[in-house]
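A look at the structure
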Amino acid sequence: MGELPDNNNQEPLIVFTALERAGINEIKKSLLEKGFEQEDVELSVQLADDISKIDSLVFSDGIPISYADSFSEHTAQYHPGSEEENQSELYIIYAKGMSGKIAKGKNIFQFNKNGKLILKNSEGEEGIEITSEELLFGVAAHEVRHRVQKSSDFKKLVSRELPMETDRREKDARMIEFMSMKALHAGKPIEEIAKIIKEKQEK
Ligand SMILES: [Zn+2]
């Protein structure tokens, strides 16, 4: 969810700004008309709404959230923009196949009784199923964190617990993703979680 898609020159399907949350029904309608599956649309709009809410708590200026027409393994991506290519900073939602991608996440993670995020196949751990809402919120936190990473005074938060992530920015965003899912699961208010996403730094 960190690197730019190879085909990042694709035309976004729909664009609405992070600070304008009105018009969700129109976006849903439009995506359905484009042939997206109902469940993919519901989850994608929820994800966009989460990104929008978190982003507006972290930044004072909203950036567009667009829906990609093509399929991607990713659920969403933050695109830093490029002056040379005259491309603006934005978030991209990959709506196609969203429900399958979320189901995959539900198969990997669960919470233990202490609210710690663990792998689903952890032996001897009694698990609490992670919800789609929690997963989507984690993805949203991850992508907003990538936007936070753009600021020059930002110090990355890296964990040795994530050997599968080689990119330092990815490790940092994954840490924030997990922290945010745990915090939401624990019932922390979104304002408090947004503060973590904005300010958490390596000690
Ligand atoms: Zn990422």
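The rules behind the values
Residues numbered from 1 in each chain as written. Predicted model: local features only at pLDDT ≥ 70, side-chain atom pairs only at ≥ 80, totals over all residues. Helix = DSSP H or I, 4+ residues; strand = E, 2+ residues; numbered from the N terminus. Buried ≥ 20, exposed ≤ 12 C-beta atoms within 10 Å, placed from the backbone. Contact = placed C-beta atoms within 7 Å. Expected span 1.5 Å × (residues − 1). Pairing = 2+ DSSP bridges. Axes fitted to C-alpha atoms, helices over the stretch in contact; angles between N-to-C directions. Parallel < 35°, antiparallel > 145°, perpendicular 65-115°, else oblique. Left-handed = near helix turned anticlockwise from the far one by under 90°. Nonpolar A, V, L, I, M, F, W, Y, C, P; charged D, E, K, R; others polar.

When its secondary structure is counted, the protein chain shows 6 helices and 7 strands. Along the protein chain, helices (α) and strands (β) appear in the sequence β-α-α-β-β-β-α-β-β-β-α-α-α when read from the amino end. Evaluated residue by residue, the protein chain yields a buried proportion of 33% over its 203 residues. Contacts spanning at least 24 positions in sequence make up 66% of the contacts within the protein chain whose residues lie at least 6 apart.

With 18 residues, helix α4 (residues 132-149) extends 26 Å from end C-alpha to end C-alpha; this agrees with the ideal 26 Å at 1.5 Å per step. In terms of residue burial, α4 counts as a mostly covered element, since 14 of its 18 residues are buried.

The next thing to look at is the pairing of strand β4 (residues 90-93). Note: strand β2 (residues 64-67) against β4, 3 bridges, orientation parallel. Residue pairing in the sheet places Tyr67 in a bridge with Ile93 of β4. Bridging between strand β3 (residues 76-79) and β4 involves 4 bridges; their strand directions are antiparallel. Paired with Ala76 across the bridge in β4 is Ile93.

Here we come to the sheet that holds strand β6 (residues 117-119). Here 3 strands make up an open sheet; going across it, the order is β6-β5-β7 and the pairing antiparallel. Of all the strands in the sheet, just β6 and β7 (128-129) have a single pairing partner and so form its edges. Pairing geometry for strand β5 (residues 109-111) and β6, over 3 bridges, is antiparallel. Its bridge partner being in β6, Gln110 is matched across the sheet by Ile118.

Their axes nearest at 10 Å, the elements helix α5 (residues 168-185) and helix α6 (residues 190-199) cross at an angle of 165°. In terms of orientation, α5 and α6 fall into the roughly antiparallel class. Handedness of the crossing formed by α5 with α6: right-handed. Here Ile176, Met179, Ser180, Ala183 and Leu184 of α5 come into contact with α6, specifically with Ile193, Ile196 and Ile197. Across the contact of α5 with α6, the residue classes tally to 7 nonpolar, 1 polar and no charged.

What follows covers the packing of α4 against α6. Contact geometry of α4 with α6 gives a least axis separation of 8 Å together with a crossing angle of 40°. Between α4 and α6, the interaxial angle falls into the category oblique. When the axes of α4 and α6 are compared, the crossing they make is right-handed. When α4 is examined against α6, the residues Ala141, Val144, Arg145 and Val148 are found in contact with a partner set consisting of Ile193, Ile197 and Lys198. Partitioned by chemical class, the residues of the contact of α4 with α6 number 5 nonpolar, no polar and 2 charged.

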